[in-house]
Each structure stands twice: as C-alpha cells, then as structure tokens.
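Here is how the chains run, residue by residue.
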Amino acid sequence: MKGIVLSYMRSKENQHNHHMIIKPLGIESMEEAAKLIGKKVIWKSPSGKIIAGKIVKPHGVRGEVKVRFEKGLPGQALGDYVEIL
C-alpha cells in the first residue's frame, strides 16, 4: 500500500521532525486508519537511502495517520510517496 507525506506533526510554535502525517491511499475513515497501527512505513530518498518508521495512531476523521520515524525525514519528502508494509 502507498501513502503520501502531508506534513510534519506541528503546533503553532513547534515542529516535530520525527513525526509525520501520512495519508494512506484508499483509506477514507478513522476506523480504517486505526487498523494500520503498528505497520511499518518506508521512505526511499532519490539517492537510494531508506528511512523507516511505524504508524502510531490515526489523525483526524479522514483517514490520515501519524508516523514516528527513526530519523527525521527531510523537507524534500513532503508530498512524496511512502510504502506501507
């Protein structure tokens, strides 16, 4: 399954670089997103480097999820695709 990186998890003042908000393709509700908790997420950079993360909880009512990555994703990952295993 694929997903799109929407943004960093953030507040008005702070940005958390290890946490990202991802929209899995084909998931349209919070209940469907909750079934993905614990799955592995992989982002592959253009140079071939792989950064892995894990889905920790749903975000909102439209099926987005929060993902915690081992290492923070760079800004070039925004709008890019990730693989959900």
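Up top is the structure.
Now for a quick tour of the structure.

Reading guide: rules and limits
Residues numbered from 1 in each chain as written. Predicted model: local features only at pLDDT ≥ 70, side-chain atom pairs only at ≥ 80, totals over all residues. Heavy atoms only, no water. Pairing = 2+ DSSP bridges. Helix = DSSP H or I, 4+ residues; strand = E, 2+ residues; numbered from the N terminus. Axes fitted to C-alpha atoms, helices over the stretch in contact; angles between N-to-C directions. Core = buried A, V, L, I, M, F, W, Y, C linked by side-chain atoms within 4.5 Å. Buried < 20%, exposed > 50% of the residue type's maximum accessible area, 1.4 Å probe, protein only. Contact = heavy atoms within 4.5 Å. Salt bridge = Lys/Arg side-chain N within 4 Å of Asp/Glu carboxyl O.

**Side note on the sheet that holds strand S6 (residues 81–84)**
Spatially, the 6 strands close up into a barrel ordered S1-S2-S5-S4-S3-S6, and their pairing is antiparallel. When the angles between neighbouring strand axes are averaged without regard to direction, this sheet yields 45°. Bridge count between strand S3 (residues 40–44) and S6: 2 bridges; the pairing is antiparallel. From the neighbouring strand, Val41 faces S6, where its bridge partner is Ile84.

**Thoughts on the pairing of strand S1 (residues 2–10)**
Remember that side chains alternate between the two faces of the sheet whenever the strand is regular. Where S1 lies against S6, 3 bridges are found, and the strand directions are antiparallel. For Gly3, the partnering residue across the bridge sits in S6 and is Val82. By the bridge criterion, 7 bridges tie S1 to strand S2 (residues 15–24) in an arrangement that is antiparallel. Paired with Ser7 across the strands is Ile21, a residue of S2.

**Remarks on the nonpolar core**
If you look at the biggest cluster of nonpolar residues, it comprises 18 residues, and the most contacted ones within it are Met20, Ile22, Val41, Ile55, Val67, Phe69 and Leu73. When residues of this core are assigned to their parent elements, the largest contribution, 3 residues, is made by strand S5 (residues 64–69). Not counting chain neighbours up to four residues away, the residues in contact with Ile55 comprise Leu36, Ile37, Gly38, Lys39, Val41, Val65, Lys66, Val67 and Ile84.

**Quick look at the pattern of salt bridges**
If you walk through the whole model with that rule in mind, you get 2 salt bridges. With its nearest N and O atoms 3.8 Å apart, the salt bridge here joins Lys2 to Glu83. Taken together, the positions of Lys2 in strand S1 and Glu83 in strand S6 put the pair 81 residues apart, joining distant regions of the chain. Relative accessible area serves as the criterion here: at 42%, Lys2 is assigned to the partly exposed category. Glu28 is paired through a salt bridge with Lys23; the nearest N and O atoms lie 3.9 Å apart. Given a relative accessible area of 55%, Glu28 falls into the exposed group. Judged by relative accessible area, which is 17%, Lys23 ranks as buried.

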